[in-house]
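Spelled out from the first residue to the last, the chains are:
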Amino acid sequence: MELRLLPLISSATEIVHALGMGRFQVGRSHECDYPPEVSRLPVCTWPNIAVDGPSAEIDRLVKERAAAAASIYEMNTELVRELRPTHIFTQTQCKVCAVSLDDVERAMRAGLSADVRVVALEPYALGDLWRDIRRVAEACGRAAQGESVAASLQTRMAAIAARVASAKSKPRLAALEWIDPLMAAGNWVPELIEMAGGENLFGVAGEHAPWVSWEQILAADPDAIIAMPCGFDLKRSAADARLLANRTGWKGAIYACDGNQYFNRPGPRLVESLEIMAEMLHPEILEPRFENGGWVRVLEGGL
């Protein structure tokens, strides 16, 4: 039986292509946009809320739907049925970030073939990425390729960490996954910060992002704030980060990252996310390869 793969989360699409199985992808979610060739594939999902408004408004809408036990995303079940996927890839980590296992199971009950294999990714910490790559590969009969890709990505990350290990400074960071209200980055981001030669002040590896207050940030006195709002591109992240620059009491550095393409997408490009973090923290060691593409300086100072 020929594979017909339907990733409904952007990181799964990237994993499928890293494993050399892109030719088998038959559809995508509304957020799957990398590699660029997937843009030609039919879109099977859409958000139930407006995602182009201010951060505070998006947060309000998300909380309203969560309180009502309503899904944030919809699936085009009829289109999915027409695509006849052999595998659907979803996730259990966050119902806010992407189509969840619950969403897919509802669609299955609505008439999708019982023969479809549903593979739920579970990315909470960096180690889970390697397991997810292997999970996708094994589900598609490509176990050896999964081992090879995971090992290659780990080797690349280790090389970046080794380059900054000799750095004379270890900047103390407040990494933020949302700006209004403030939410610190959790899950794999604290690990990336440590590997990049920094000290993470908020958020715990392997745990969901915690809410924080501006007073807590000022009291911790970080060397820099790094804004990486979930789902926002670099331009929009920088606009939100500039709001922080105007808040009372802050005099240090502020950086903004493309959280959508990099830090908040637990796929193969977490390697590039690590490199972005390392070159922000240690420009004396790494050339700024991703500056103005993956990150920008919003406010000078600190580092």
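Before any of the text, the structure's been laid out above.
Residues numbered from 1 in each chain as written. Predicted model: local features only at pLDDT ≥ 70, side-chain atom pairs only at ≥ 80, totals over all residues. Heavy atoms only, no water.

Draft legend 1. Quick peek at the overall build of the protein chain. Scanning the protein chain from N- to C-terminus turns up ten helices and eleven strands. Its C-alpha atoms give the protein chain a radius of gyration of 19 Å, within 12% of the compact-globule value 19 Å for 303 residues. For the protein chain, the spread of C-alpha atoms along the principal axes amounts to about 60 × 45 × 30 Å. Per-residue burial for the protein chain yields a buried fraction of 55% across its 303 residues. Looking at the protein chain alone, contacts between residues at least 24 apart form 66% of all its contacts between residues at least 6 apart. Accessible area for the protein chain stands at about 13,100 Å²; split by element, carbon and sulfur atoms hold 50% of it. Taken together, the 31 basic and 40 acidic charged side chains of the protein chain have centroids lying 3 Å from each other. (Helix = DSSP H or I, 4+ residues; strand = E, 2+ residues; numbered from the N terminus. Rg over C-alpha atoms; globule rule 2.2 N^0.38 Å. Buried < 20%, exposed > 50% of the residue type's maximum accessible area, 1.4 Å probe, protein only. Contact = heavy atoms within 4.5 Å. Areas by Shrake-Rupley, 256 points an atom, 1.4 Å probe, with all protein chains shown as cover. Lys, Arg positive; Asp, Glu negative; His and termini not counted. Charge placed at Lys NZ, Arg CZ, Asp CG, Glu CD.)

Draft legend 2. The arrangement of the sheet that holds strand β5 (residues 117–121) in detail. If you walk across this open sheet you meet the three strands as β1-β4-β5, and the pairing is parallel. For this open sheet the edge positions go to β1 (5–7) and β5, each flanked by a neighbour on one side alone. Mean inter-strand twist for the sheet, computed between neighbouring axes without regard to direction, equals 20°. Relative to β5, strand β4 (residues 87–91) runs parallel, the two being bridged by five bridges. Within the sheet, the bridge partner assigned to His87 lies in β5 and is Arg117. The sheet strands contacting helix α1 (residues 10–18) are β1, β4 and β5, and the helix crosses β1 at an angle near 140°. Contacts from helix α5 (residues 126–139) reach β4 and β5 within the one sheet, and its direction differs from that of β5 by about 170°. (Pairing = 2+ DSSP bridges. Axes fitted to C-alpha atoms, helices over the stretch in contact; angles between N-to-C directions.)

Draft legend 3. Up close: the packing of aromatic side chains. Across all of its chains, the model carries four aromatic pairs by this definition. With a centroid separation of 6.4 Å and an interplanar angle of 65°, the aromatic rings of Trp214 and Trp250 are classed as edge-to-face. Of this pair, Trp214 sits in helix α8 (residues 214–220) while Trp250 sits in the loop between α9 (234–245) and β10 (253–257), and the two are 36 residues apart along the sequence. Owing to a relative accessible area of 6%, Trp214 belongs among the buried residues under this scheme. Arranged with centres 5.8 Å apart and planes meeting at 55°, the rings of Tyr255 and Trp295 form a pair that is tilted. (Phe/Tyr/Trp six-rings, centres within 6.5 Å; stacked < 30°, edge-to-face > 60°.)

Draft legend 4. Quick look at the nonpolar core. In terms of nonpolar packing, the biggest core is built from 53 residues, with Met21, Ile133, Ile226, Met228 and Met277 touching the most fellow members. Among the elements that take part in this core, helix α10 (residues 270–281) stands out by supplying eight residues, more than any other. In this structure, Ile133 is in contact with Ile15, Leu19, Gly146, Val149, Ala150 and Leu153, ignoring residues within four places of it in sequence. By size, the runner-up hydrophobic cluster in this structure holds 21 residues, among which are Leu176, Ala227, Ile254 and Val298. (Core = buried A, V, L, I, M, F, W, Y, C linked by side-chain atoms within 4.5 Å.)

Draft legend 5. Structural context of the pairing of β10. Burial of β10 is extensive: five of the five residues sit out of reach of the surface. Going residue by residue along β10, you find Ala253, Tyr255 and Cys257 tucked away on one face and Ile254 and Ala256 tucked away on the opposite face as well. Crossover handedness for the path strand β9 (residues 224–227) to α9 to β10: right-handed. Across four bridges, β10 lies against strand β11 (residues 295–299) in antiparallel orientation. Of the residues in β11, the one forming a bridge with Tyr255 is Arg297. (Right-handed = clockwise from strand over helix to strand, strands pointing away.)

Draft legend 6. Layout of α5. The terminal C-alpha atoms of α5, which comprises 14 residues, lie 21 Å apart, in line with the 20 Å expected from a rise of 1.5 Å per residue. When α5 is considered as a whole, its buried residues turn out to be Leu126, Asp128, Leu129, Trp130, Asp132, Ile133, Val136, Ala137 and Ala139. Tucked inside the fold, the buried residues of α5 contact α1, β4, β5, α6 (143–164), α7 (189–195) and α10. (Expected span 1.5 Å × (residues − 1).)

Draft legend 7. Here's a closer look at the pattern of salt bridges. This model, assessed by the stated rule, comprises 15 salt bridges. A salt bridge links Arg265 to Asp33, with the nearest nitrogen and oxygen atoms 2.9 Å apart. Here the residue Arg265 occupies a position in the loop between β10 and α10, and Asp33 occupies one in the loop between α1 and β2 (45–47), the gap between them amounting to 232 residues. Among the residues examined, Asp33 registers a relative accessible area of 35% and is labelled partly exposed. Between Arg156 and Glu272 there is a salt bridge whose closest N-O contact spans 3.1 Å. Note that Arg156 is positioned in helix α6 and Glu272 in helix α10, a separation of 116 residues in sequence. Looking at Arg156, the relative accessible area reads 38%, which means it is partly exposed. Judged by relative accessible area, Glu272 falls into the buried class, the value being 17%. Counted as one network, the salt bridges with shared partners bring together Glu14, Asp33, Arg265 and Arg269. (Salt bridge = Lys/Arg side-chain N within 4 Å of Asp/Glu carboxyl O.)

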